[in-house]
Amino acid sequence: MSMSNDTAPGALQTRADEWVIEPRGRKFVSRVREVWVYRRLFIYFGKRAIERLYRNTALGKLWIFIRPIFPIAIRALIFGGVLSVASPGGVPYFLFVMVGSSIWDLFSSCLSWSTRSLQVNRGFLGRVYFPRIIVPVATMAIAFVNFLIMMGVFIVALVYYRVTSGQLYLAATPAHLGWALAALLVAVTMALAVGLWTSPLNAQYRDVRFTLQYVLEFWALLTPVMYPLSAVPEKYHWIVFINPMAGVVQAFKWGLLGIEELNTTVFATDVAITLVVLASGIWYFTSVEGQAIDRI
Amino acid sequence: MDSISVTGLGKCYRTNKAPSPWQQLMARLGRKGEESSRRPRELWALKDVSFSVKRGTILGVIGPNGAGKTTLLKILARVTPPTEGRIVGYGSVAPLLELGAGLQPDMTARENIAMYMTWHGVSRGEIDRRLDEVVAFAEIDQFLDTPLKRFSSGMYVRLAFSMAVNMQPDVLLADEILAVGDLAFQERCLQRVQEAGAAGMTVFFVSHDMAAIQRLCDRVILLNAGQLVMDGTAEDVVSHYEQAAWTVSSTAGKGGRKGNHVSEHGRIVSVRLLSGDGREIGAVRHDEDVQISATFTVLTPGATARAVITLNARGVIAFRTAQPDEVTAVEPGVFRANVRIPSHLLADTIYIVKVGILLTIDGAQSTLSMDNALVFRVYADHEDRHKSLLTLYHGSSWSGVVMPRLDWQVTREHDVVIAPV
């Protein structure tokens, strides 16, 4: 590539294409620049993750649609139908669970896929160099696709209720939608932040992946996803809000359906927690990525 | 001008698995005695290696197995970070490690080429033009839309090599590219590397093929046990290497070995290469006898054992051989199976030995196996009569997976009869 930019013998050896390999990784700024240079790989690894998931299946791409919809149908049936949990503000329970589940599933599948990402792509990591952080980030594409499909179903359901009951349940103001987007951003960042800790750990100890599965199931129950916050006595709300995902899910529900309360103090705390975890995650990931590759 | 300079490079692997946090916790909760025994053992794959390479040099890297050749290339490719030391280099680096450099078996050749070029920043219009060059050199035109998983290993390495060279990197890292692939392609590979070197590309050429090293390399470094032992002209270093009796032991439990060499009935302890008179060696001459010796334990009394070895070379099975009579372990014990391979049978190439121990316990079969149990090189120098005859006839120094000297009878049958037209 740079065959032509030969310098005369004896010229100073400070050429633009100089590189250095040292035990300690490079500085933060040059790493960020490097991620930018390799930005195409985000698309590549994202696509690859999705294609890989549905490879060798008879239904193929259909699974992309089936997978997110099934759990929702089951949850709506059990909680709304059998247990008849009441949803606040007169919103149909299906819409309520749809909204809560879509953001929670986005978070949990972002986290579980990024946790597995280094292990799944180990063939690549052992053979070619690129900034490793791209892998856990790009693998979250699977979760985004699921989320988009759930949003599609949500819109269809909104239209259905508009036609049958004449009521539009969507809180269609810019402020609401803005909060919904902010909640999504925090959920994804939080998943990434935790994923940066778990993916190198999982490369070494596969126990992480299994443990995480149970942690996420339990975490989902602690988060007001399938029940409204009002189902919890007021004096225990502070306990619910210790969980940073609770505020995020609440903000998303408020943003899309205008139901329940938007607690900005809680949300701001969640953002702060997320940023701290993210910073520690980046620090951890970059300091162990080399060893993690040796041990996969 | 220096293309790459390496100073004090070292790479340490932990051979024992580091204790898991759980084990650390248990150790701390009282059982202090176990803590020290669980401490990971360190293995320096490279230690204190320093050298620098000028632009356009084809640098041969040789050494016995486990010398650190591949580790050096992996560090240069940034696949694994060094533990100490520093490398300064210039320009783009194209690695060809473990035959493939990140090729995707599920994608077609065309998709792989496009992906590889995209990775390396080639523009879309440029890709189409270069695709033809890559395909022509790799000779895979009919298979362009075939997924790589259906490729032969030869086609695979041809494609990988062709792509890497086509990028015209400043530095090419070639690890055993000649181990697979047909002779004609190997020849073109060598020519291509030679041209690239002349055009200013720096090439790191790791090979066990001394003939290729001598033909190609301007300079050769010899590694042994992670250290740079010798640095000089191809002729000097190769002859030093060939004369030295390398004693490389290969003990079970080292990383990278596949197979199930341990079970409740026994384990394969070690597999070694011995000379005809029983010295442990790392390489052997074509005209000398060689023995492969597998040590294994049998734990179940009354089990019968039978050893089988498979020799692979150039990506195919060269031959397999099994111990004709089984032995019965009346008492548990350590056994040693030795097989002698006569001189003038093996070809001058690299062999990969797979060892299997078939155990029969009360009529039930159980297998211990160790893939890549041993890798060794057979060399035939220019004075080897058999080899030079073959070279004379075939016009190439490449041989097959075996090069047996057989019993030939040539007699005069009768006078020439000129048949009427």
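Just so it is clear, the structure is predicted and the values come from calculations on it, not from any experiment. (Residues numbered from 1 in each chain as written. Chains lettered and ligands numbered in written order. Predicted model: local features only at pLDDT ≥ 70, side-chain atom pairs only at ≥ 80, totals over all residues. Heavy atoms only, no water.)

The next subject is the overall build of chain B. In terms of helices and strands, chain B carries 10 helices and 19 strands. Burial analysis of chain B (421 residues in total) assigns 51% to the buried set. For chain B, long-range pairs separated by at least 24 residues make up 73% of all intrachain contacts whose partners lie at least 6 apart in sequence. Carbon and sulfur atoms provide 52% of the accessible area of chain B, an area that totals close to 20,300 Å². (Helix = DSSP H or I, 4+ residues; strand = E, 2+ residues; numbered from the N terminus. Buried < 20%, exposed > 50% of the residue type's maximum accessible area, 1.4 Å probe, protein only. Contact = heavy atoms within 4.5 Å. Areas by Shrake-Rupley, 256 points an atom, 1.4 Å probe, with all protein chains shown as cover.)

The next thing to look at is helix 11 (residues 244–257) of chain A. Residue and element names in this part refer to chain A. Here helix 11 is 14 residues long and its end C-alpha atoms lie 21 Å apart, about the 20 Å a rise of 1.5 Å per residue gives. With 14 of 14 residues buried, helix 11 is to be regarded as a mostly interior element. A distance of 2.9 Å separates the backbone nitrogen of methionine 245 from a side-chain oxygen at the start of helix 11, and that oxygen is part of asparagine 243. Within two residues after helix 11, glycine 258 carries a phi angle of roughly 70 degrees, on the positive side. (Expected span 1.5 Å × (residues − 1). Polar contact = N/O pair within 3.5 Å; in protein donor to acceptor, adjacent residues only side chain to side chain.)

Right, let's get into the nonpolar core. Of all hydrophobic cores here, the largest spans 70 residues; its most connected members are Phe45, Phe107, Phe154 and Phe252 of chain A together with Trp119 of chain B. Among the elements that make up this core, the one with the highest residue count is helix 4 (residues 93–120) of chain A (13 residues). Those residues in contact with phenylalanine 252 of chain A, other than ones at most four positions away along the chain, are Val99, Ser102, Ile103, Phe147, Met151, Ala180, Ala183 and Leu184 of chain A. Counting residues in each nonpolar core, the second largest holds 52 residues, with Ala109, Met155, Val203 and Val238 of chain B among its members. (Core = buried A, V, L, I, M, F, W, Y, C linked by side-chain atoms within 4.5 Å.)

Another point: the environment of leucine 311 of chain B. Inspection of the secondary structure puts leucine 311 of chain B in strand 14 (residues 303–313). Contacts of leucine 311 of chain B, omitting those with residues within four sequence positions, involve Ile292, Val316, Ile317, Ala318, Phe319, Ile341, Leu346, Tyr351, Ile352, Val353 and Phe376 of chain B.

To continue, consider the packing of aromatic side chains. All names here are of chain A. Tallied over the entire structure, the rule returns 17 aromatic pairs over all chains. When the ring of tryptophan 179 is compared with that of phenylalanine 267, the centres are 5.1 Å apart and the planes differ by 80 degrees; the resulting orientation is edge-to-face. With tryptophan 179 in helix 8 (residues 174–204) and phenylalanine 267 in helix 12 (residues 264–295), the pair connects residues that are 88 residues apart, well separated along the chain. Take tryptophan 179: its relative accessible area is 26%, and that puts it in the partly exposed class. (Phe/Tyr/Trp six-rings, centres within 6.5 Å; stacked < 30°, edge-to-face > 60°.)

On to the packing of helix 2 (residues 40–53) of chain A against helix 7 (residues 141–165) of chain A, then. Residue and element names in this part refer to chain A. Contact geometry for helix 2 and helix 7: axes closest at 8 Å, N-to-C directions at 70 degrees. The angle between the axes of helix 2 and helix 7 places the two elements in the roughly perpendicular class. Of helix 7, the residues touching helix 2 (which contributes Gly46, Ala49, Ile50 and Leu53) are Ala141, Ile142 and Val145. Across the contact of helix 2 with helix 7, the residue classes tally to six nonpolar, one polar and no charged. (Axes fitted to C-alpha atoms, helices over the stretch in contact; angles between N-to-C directions. Parallel < 35°, antiparallel > 145°, perpendicular 65-115°, else oblique. Nonpolar A, V, L, I, M, F, W, Y, C, P; charged D, E, K, R; others polar.)

Below, the discussion takes up the sheet that holds strand 5 (residues 93–96) of chain B. The strands that make up a sheet pair up through hydrogen bonds in the backbone, lying either parallel or antiparallel. Residue and element names in this part refer to chain B. Sheet architecture is open: six strands sit in the order 5-6-7-3-8-9, paired in mixed fashion. Of all the strands in the sheet, just strand 5 and strand 9 (227–232) have a single pairing partner and so form its edges. Within the sheet, the average angular offset between the axes of one strand and its neighbour, ignoring direction, is 15 degrees. Where strand 5 lies against strand 6 (residues 171–175), four bridges are found, and the strand directions are parallel. Note on strand 6: the bridge partner recorded for leucine 96 is alanine 174. Across the sheet, helix 6 (residues 153–166) lies against strand 5 and strand 6, angled at about 170 degrees from strand 5, the strand it touches most. (Pairing = 2+ DSSP bridges.)

Between chain B and chain A, the residue contacts involve 49 residues of the former and 34 residues of the latter. For the pair chain B and chain A, the summed buried area comes to about 3,800 Å², and 56% of that belongs to carbon and sulfur atoms. The largest per-residue losses of area from chain B upon contact with chain A belong to Arg78, Tyr90 and Trp119 of chain B, which jointly make up 22% of the total buried on that side. Summed over the shared surface of chain B and chain A, the result is one salt bridge. One salt bridge in this structure joins arginine 86 of chain B and glutamate 22 of chain A, with 2.6 Å as the shortest N-O distance. Taken together, the links from chain B to chain A amount to eight residue pairs in polar contact (both at pLDDT 80 or more). Mapped by element, the contributors of at least two residues to the side of chain B that touches chain A are strand 1 (2–14), helix 3 (69–76), strand 4 (84–90), strand 5 and helix 4 (109–119) of chain B. A per-element tally of the side of chain B that touches chain A places strand 4 of chain B first, with seven residues. Per-class residue counts for the side of chain B that touches chain A are 25 nonpolar, 13 polar and 11 charged. (Buried area = accessible area lost by both parts, 1.4 Å probe. Salt bridge = Lys/Arg side-chain N within 4 Å of Asp/Glu carboxyl O.)

This part is about the confidence of the model for chain A. Residue and element names in this part refer to chain A. Per-residue confidence for chain A averages 84 on the pLDDT scale, and 91% of its residues sit at or above 70. Highest mean pLDDT in chain A belongs to helix 6 (residues 134–138) (94); lowest belongs to helix 3 (residues 62–82) (76). Counted against residues more than four places away or in other chains, residues 1–14, with its pLDDT under 50, gives 22 contacts. (pLDDT = per-residue confidence, 0-100.)

On the surface, Arg39, Arg40 and Lys47 of chain A together with Arg124 of chain B cluster together into a patch of positive charge. Position of lysine 47 of chain A relative to the elements: it lies in helix 2. On the basis of relative accessibility, which here comes to 53%, the residue lysine 47 of chain A falls in the exposed class. (Patch = residues over 30% accessible without salt bridge, like charges linked within 9 Å, V, L, I, M, F, W, Y side chains within 5 Å. Lys, Arg positive; Asp, Glu negative; His and termini not counted. Charge placed at Lys NZ, Arg CZ, Asp CG, Glu CD.)

Turning our attention to the environment of aspartate 287 of chain B. Relative to the helices and strands, aspartate 287 of chain B resides in the loop between strand 12 (283–285) and strand 13 (290–298). In sequence terms aspartate 287 of chain B and arginine 405 of chain B are 118 residues apart; their C-alpha atoms lie 9.9 Å from each other.

Where helix 2 of chain A contacts helix 4 of chain B, the axes come no closer than 10 Å and their chain directions differ by 150 degrees. Between helix 2 of chain A and helix 4 of chain B lies a crossing whose hand is left-handed. Between helix 2 of chain A and helix 4 of chain B, the residues in contact are Arg40, Leu41, Tyr44 and Phe45 of chain A and Met115, Thr118 and Trp119 of chain B, respectively. Class assignment of the residues belonging to the contact of helix 2 of chain A with helix 4 of chain B gives a composition of five nonpolar, one polar and one charged. (Left-handed = near helix turned anticlockwise from the far one by under 90°.)

In regions of low pLDDT, the predicted coordinates are not meant to be interpreted in detail. Residues and elements named next belong to chain B. Within chain B, residue pLDDT values average 81, and 83% of them lie at 70 or more. Looking over chain B, one finds the lowest element-wise mean pLDDT in helix 2 (residues 32–37), namely 46, and the highest in strand 3 (residues 58–62), namely 93. Prediction confidence for the complex, expressed as pTM and ipTM, is 0.66 and 0.71 respectively.

Next up on the list: the pattern of salt bridges. All names here are of chain B. With the rule as written, the count across this model stands at 19 salt bridges over all chains. For arginine 129, the salt bridge identified is with glutamate 126, shortest N-O distance 3.0 Å. A residue pair is termed a helical-turn pair when its members lie 3 or 4 positions apart in one helix, as arginine 129 and glutamate 126 do in helix 5 (residues 124–138) at three residues. Ionic pairing is found between arginine 215 and glutamate 187, a salt bridge with its closest N-O pair at 2.9 Å.

Moving on, we come to the sheet that holds strand 1 (residues 18–21) of chain A. The four strands lie next to each other as 1(A)-4(B)-1(B)-2(B), forming an open sheet whose pairing is antiparallel. Each edge of the sheet is formed by a strand with only one pairing partner; in this case those strands are strand 1 of chain A together with strand 2 (42–54) of chain B. Geometrically, the sheet is characterised by an average inter-axis angle of 15 degrees between neighbouring strands, direction not taken into account. Each of strand 1 of chain A together with strand 1, strand 2 and strand 4 of chain B touches helix 3 of chain B; the most contacted strand, strand 1 of chain B, lies at about 115 degrees to it.

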